[in-house]
Amino acid sequence: MSSRPPLPRVRAGAVVAGLLAVGAALVPGVAGHDAAVLLCVAQLVAVAVLWSGASQGDRGEFAVWRWWGAAVAVLSTGPVVSLVSGVQSISLVGVCALASTPLMYQALVRWNRFRTYVSDPGDWLNGVSAVLAITAAGLIGQSWSGFLPAGWPSWQVQLWLAIFAALVIVLGTAATVAGVGGLSRDPRMWTVMAALLGLIVLSCTLRGDADDALHGQAGWTLACLVIAWASTRPKRSVPVAATSQAPAVGALIVLALAVAALAADGHQQSWAATLYACGAVLGISVRVVHLVRELAHLAESRQQAVTDELTGTGNRRALLRELDVLVGEGRAAALLLFDVDHFKEVNDRHGHHAGDDLLRRIVATAGRVLPADALLTRIGGDEFAVLLPGRDEEQAAGVGRAVHEAVVREVEIGLSVGVRSIAAGGVDPDRLLRQADTAMYSAKTAGGGVSVYDSAVDARLRDRAGLADDLRVLLTGGGERMRREVVVHYQPQVDVASGRVVGVEALVRWQHPVRGLLPPGRFLDLVEELGLVDQLTVHVLDRAVADAAGWRHDGLPLRISVNLSASTLQHPDLLALVDGVLARSGLAAGRLVLEVTETTLMADPDLALAVTHGLTRRGVQLSIDDYGTGYSSLAYLTDLPATELKLDRAFTVRVLGEARTAEIVEATVALAHRLGLRVVAEGVEDEATRVVLGGLGVDESQGYLHARPLPPAEFGRWLAAVPCPGRIAGPDGGGSFRPRSVPR
């Protein structure tokens, strides 16, 4: 391990060495040449410390200490020239000091603009104009009171005043940066300000002789070392970006000072003071014009930030701002939220320009019927909000109906309007928007019109949204959690004639960790909405086929039926997926039945035909589920390679009491048998229904009469108590079907 001390300690030690060199230079009796050498060394030490701080310190303050190092480097030319020439000159010290102050100023303005690589030109206009104005005021004061030595030439007086003015401006800049830049608690800033204040005091005590030159050099060197010491200290606060407020105030102060100097010089007629004052007025006038332009642009930008460009109404930011004001003042208000019914169709049929024109017409129409104090805003594509101060729910609903009627009548398009009011004291603006959106959703669900917020509806929607979030995490995450929570229950399919179990349908359930066991009706529609049907189907298919393979191994060769959705049937990798599932489980393809509904088949008939033929070529059976509830043509029965037709429970539950329904069932069974299909009746709940269905020719029944859907373990125990299905297996082990009779 290296024993070399850390860099900050080395830099601090170098500063101490420089301070000792300054002290040695001021010891009485030290020759002028030796003093110049010591001061030159101390200056170079300060430069080295500042530059090392710029390269090794906080990246955000790199420019700050780099510019301080440049300022000290310029100041160091005085001792170097004195060392070479052997002449101590107060003028040389003054010129170097004046040349270093712009660099100090640059370092300070960077301290709260640390994220930029260039400074604002307005900073320089402010600084230079302020120096000129103070110099002009100093020249006028000198002509009145003669506070500087009478023997000084005019150029030396101007130089001294310029140095004094520059130091005052640099110190004032430091104080401003500390205030607006959030650096008032940083000891480094106070150290820098102390060094600058010391230089101002020093400049007021010098009178221009040789001793003053040495003392002046020593004073500036000491100040540089103090600033270098500040660069070695740790950062105590983070600067914030500068605002335009402080530069604007400073510019006005400088302008006032320059104008006052011009007015005061009217009697003295000092060309130098007039020249300096005119320069200050010119520079700061340019700065003021620039500031006014910036403020105008800022006002325009702020207006644009709260205005919708297309319609000219307020936008979401304007709405939230006004809501915050109303809530903060504790005032009652109401919010209307409405969007355009079937707006997407307008864009799709007529183009977006027509949609934009429609939105502008809606705004114009709504504006004519809204109260004068209403705030109309566009907060989305075709979604608008109206803030109604001082209105209760009933009054707001009346306004909503007026807007709806006017738009329907004049623009000939529907609106869905949601209404939510807030009492005095208010609610959270985001919550208010969400509740108004819930009311609007209720109106849209009802086919349009006006709907007032209902907490019960809101609770249901929030519950549904929470369930959707849980479902998304579950199905996209997979893994052990999905195997634990997405469970498969089984319901038997029983041969009507023999009473033996011949098949089983896999039915998905969700074992929610908080809500308990959820039936498919609670979440399958959400699975469709979220586009996660494929993930769910793959999981159910894997579990069901694996369980069926296990039953086969135990001597129970049952068919296993699994439902397919429209999206899964259209999946390009469905055939490969089925091949993989069968290969992993070892189940014969003929034992797998994939159920599809009429609606699923008719979504894309050509694709459905191709996929189903691909499945049946592999030996997989195809079942048409919920037969009779769709509106499709019977023609697909002749083209599809189906092996099974499932009667929907809508026919099953009515077959006992309605002769017409019984005739329909009998005709359907006859048709299915002629096409070589077995018929399975769903929803069989009593023995009488089973007997009637058997008389009508139905082959198999499924329903609560036999068993409710059961988990795998319970289903296994249930199977042990019923006739062994192995005795009815087809000769190929695939559960082949042969109609018992074909009606003549």
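Criteria and thresholds
- Residues numbered from 1 in each chain as written.
- Predicted model: local features only at pLDDT ≥ 70, side-chain atom pairs only at ≥ 80, totals over all residues.
- Heavy atoms only, no water.
- Helix = DSSP H or I, 4+ residues; strand = E, 2+ residues; numbered from the N terminus.
- Buried < 20%, exposed > 50% of the residue type's maximum accessible area, 1.4 Å probe, protein only.
- Contact = heavy atoms within 4.5 Å.
- Areas by Shrake-Rupley, 256 points an atom, 1.4 Å probe, with all protein chains shown as cover.
- Salt bridge = Lys/Arg side-chain N within 4 Å of Asp/Glu carboxyl O.
- Pairing = 2+ DSSP bridges.
- Axes fitted to C-alpha atoms, helices over the stretch in contact; angles between N-to-C directions.
- Arc of directions from axis to C-beta.
- Polar contact = N/O pair within 3.5 Å; in protein donor to acceptor, adjacent residues only side chain to side chain.
- Phe/Tyr/Trp six-rings, centres within 6.5 Å; stacked < 30°, edge-to-face > 60°.
- Core = buried A, V, L, I, M, F, W, Y, C linked by side-chain atoms within 4.5 Å.
- pLDDT = per-residue confidence, 0-100.
- Expected span 1.5 Å × (residues − 1).

Our focus in this paragraph is the overall build of the protein chain. In terms of helices and strands, the protein chain carries 28 helices and 14 strands. A buried classification covers 47% of the 744 residues belonging to the protein chain. Taking the contacts inside the protein chain whose residues are at least 6 apart along the sequence as the reference set, 71% of them involve residues at least 24 apart. Of the roughly 34600 Å² of accessible surface on the protein chain, 59% is carried by carbon and sulfur atoms.

Summed over the entire model, instances satisfying the criterion amount to 25 salt bridges. With a closest N to O distance of 3.0 Å, E685 and R649 form a salt bridge. Remark: R649 occurs in helix α25 (residues 649-652) and E685 occurs in the loop between β13 (678-681) and α27 (687-695); sequence separation between them is 36 residues. Bridged by salt links that share partners, the residues E505, E595, K646 and E682 form one connected network.

Here we take up the sheet that holds strand β1 (residues 333-340). Each strand in a sheet pairs with its neighbour through backbone hydrogen bonds, running either in the same direction (parallel) or in the opposite one (antiparallel). Strand order across the open sheet formed by five strands is β2-β3-β1-β4-β5, with mixed pairing between neighbours. The open sheet is flanked by β2 (375-378) and β5 (449-452), the only strands paired with a single partner. Going across the sheet, the axis of each strand differs from the next one's by a mean of 20°, ignoring polarity. Two elements, β1 and strand β3 (residues 383-389), share seven bridges in a ladder whose sense is antiparallel. Within the sheet, the bridge partner assigned to A334 lies in β3 and is L388. The strands touched by helix α15 (residues 429-445) are β1, β3, β4 (415-422) and β5; relative to β4, the strand with the most contacts, the crossing angle is about 145°.

Considered for burial, the residues of helix α28 (residues 712-720) that qualify are F715, W718 and L719. Looking straight down α28, one finds its buried side chains confined to an arc of 100°; they lie on one side. With respect to the buried face of α28, the exposed residues turned more than 90 degrees away are A713, R717 and A720. In the core, the buried residues of α28 are packed alongside β6 (486-495), β7 (501-512) and α19 (533-553).

This paragraph deals with the environment of Q491. Position of Q491 among the secondary structure elements: in strand β6. Residue classification places Q491 among the buried residues on the basis of a relative accessible area of 7%. Put simply, Q491 and H706 are 215 residues apart on the chain and 8.4 Å apart in space, counted from C-alpha to C-alpha. Those residues in contact with Q491, other than ones at most four positions away along the chain, are G503, V504, E505, L507, Q702, G703, Y704, A707, R708 and P709. A polar side-chain atom of Q491 sits 3.1 Å from a polar atom in the side chain of Q702.

Looking now at the pairing of β6. Among the 10 residues of β6, 10 are classified as buried, and the element is accordingly described as predominantly covered. Pairing analysis gives nine bridges linking β6 to β7, with the strands arranged antiparallel. For H489, the partnering residue across the bridge sits in β7 and is L507. Pairing of β6 with strand β14 (residues 700-701), which is carried by two bridges, proceeds in the antiparallel orientation. By the bridge assignment, V494 is partnered in β14 with S701.

Once that is clear, we can look at the packing of aromatic side chains. Per the counting criterion, the structure on display carries six aromatic pairs. Between F715 and W718, the aromatic rings sit 5.9 Å apart at their centres with planes inclined by 15°, giving stacked as the arrangement. Within this pair, F715 and its partner W718 are both found in helix α28, separated by three residues, close to a single helical turn. Like W718, F715 is buried. Aromatic ring contacts, followed pair by pair, group Y490, W551, F715 and W718 into a single cluster.

What follows deals with the side chain of E644. Here E644 is to be found in strand β12 (residues 644-647). Taking the relative accessible area as the measure of exposure, E644 reaches 0% and is therefore buried. Within the structure, the side chain of E644 is placed 2.7 Å from the side chain of S623, a separation counted as a polar contact.

Side chains E644 and K646 project from β12 onto one buried face, and the interleaved L645 and L647 project onto a second face that is buried too. Where strand β11 (residues 621-627) and β12 come together, three bridges link them in parallel fashion. Residue pairing across strands places I624 opposite L645, the latter belonging to β12. With four bridges connecting them, β12 and β13 associate as parallel partners. The residue bridging L647 from the neighbouring strand is A681, located in β13.

This brings us to the nonpolar core. Counting residues in each nonpolar core, the largest one holds 76 residues, and the members touching the most others are I560 and L592. Ranked by residues supplied to this core, first place goes to α19 with nine residues. With near-sequence residues (within four places) excluded, I560 lies in contact with Y490, V504, A506, A544, A548, W551, L587, R591, L592 and V593. With 57 residues, the next largest nonpolar core counts C96, L103, L159 and I227 among its residues.

Now for the confidence of the model for the protein chain. This prediction gives the protein chain a mean pLDDT of 79; 77% of its residues lie at or above 70. Counting interchain partners and residues more than four positions distant, the pLDDT-below-50 stretch residues 114-118 has six contacts. Note on residues 726-744: pLDDT under 50 across the span, and 35 contacts to partners over four residues away in sequence or across chains.

What follows covers helix α26 (residues 659-674). With 16 residues, α26 ought to run about 22 Å at 1.5 Å a step, and its terminal C-alpha atoms sit 23 Å apart, in line with that. Among the residues making up α26, those that are buried are T661, A662, V665, T668, V669, A670, A672 and H673. The elements touched by buried residues of α26 are β11, β12, α25, β13 and α27. Positive phi shows up at G676, right after α26, with a value of about 80°.

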